[in-house]
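A look at the structure
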Amino acid sequence: FWCYLLPPIKYPDGTTRLKLGGNMLSPEGELIGRIEKDPDGMVKWYRSGGDEGRQQELWEMVDKLVPGLKPLKIFVDACITS
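Residues numbered from 1 in each chain as written. Predicted model: local features only at pLDDT ≥ 70, side-chain atom pairs only at ≥ 80, totals over all residues. Heavy atoms only, no water.

A count of helices and strands for the protein chain gives two helices and five strands. Helices and strands in the protein chain line up, N terminus first, as β-β-β-β-β-α-α. Expressed along its principal axes, the backbone C-alpha trace of the protein chain runs to roughly 35 × 30 × 20 Å. Considering the protein chain as a whole, with its 82 residues, one finds that 15% of them fall into the buried category. (Helix = DSSP H or I, 4+ residues; strand = E, 2+ residues; numbered from the N terminus. Buried < 20%, exposed > 50% of the residue type's maximum accessible area, 1.4 Å probe, protein only.)

The strand order S1-S4-S5 describes an open sheet built from three strands, whose pairing is antiparallel. With one partner strand each, in any of the chains shown, strand S1 (2–5) and strand S5 (31–32) form the two edges of the open sheet. Bridge count for S1 against strand S4 (residues 20–25) is four bridges, and the pairing is antiparallel. By the bridge assignment for S4, Tyr 4 is matched with Gly 21. (Pairing = 2+ DSSP bridges.)

Moving on: the pattern of salt bridges. Enumeration over the complete set of coordinates arrives at one salt bridge. Between Asp 13 and Arg 17 there is a salt bridge whose closest N-O contact spans 3.3 Å. (Salt bridge = Lys/Arg side-chain N within 4 Å of Asp/Glu carboxyl O.)

Attention now moves to a nonpolar patch on the surface. Taken together, the side chains of Leu 5, Leu 18 and Leu 65 make up a nonpolar region of the molecular surface, amounting to roughly 220 Å² of accessible area. Structurally, Leu 5 is set in strand S1. Overall, Leu 5 belongs to the partly exposed group, its relative accessible area being 34%. (Patch = residues over 30% accessible without salt bridge, like charges linked within 9 Å, V, L, I, M, F, W, Y side chains within 5 Å. Areas by Shrake-Rupley, 256 points an atom, 1.4 Å probe, with all protein chains shown as cover.)

For an α-helix, the turn length of 3.6 residues means that residues three or four places apart are oriented alike. When we look at burial in helix H2 (residues 55–65), the residues that qualify are Leu 58, Met 61 and Val 62. End-on view of H2: buried residues confined to an arc of 100°, all on one side of the axis. Packing partners of the buried residues in H2 comprise S1 and S4. (Arc of directions from axis to C-beta. Contact = heavy atoms within 4.5 Å.)

See the structure below:
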């Protein structure tokens with residue numbers, strides 16, 4: 001897999017959050033999953049709220065990077081990287 005993980009950010013509502021995004025790679029190093037190249041498709045995806053079905057996959061990435069982390073809540077949202 002590849003991912004990015006931002007350091008903890010304190011939000012105005014008093015919560016502190018880690019932001020992570022990423023995707024899985026095939027054994028050949030090719031991206032597996034959603035790849036948007038069309039600008040209209042990117043806008044639609046960004047406004048969609050993300051893919052709840054990927055929550056477990058992303059949590060497994062966090063668990064590998066920050067073992068033992070016990071979040072109080074997990075949010076899923078759409079993100080685009082380039």
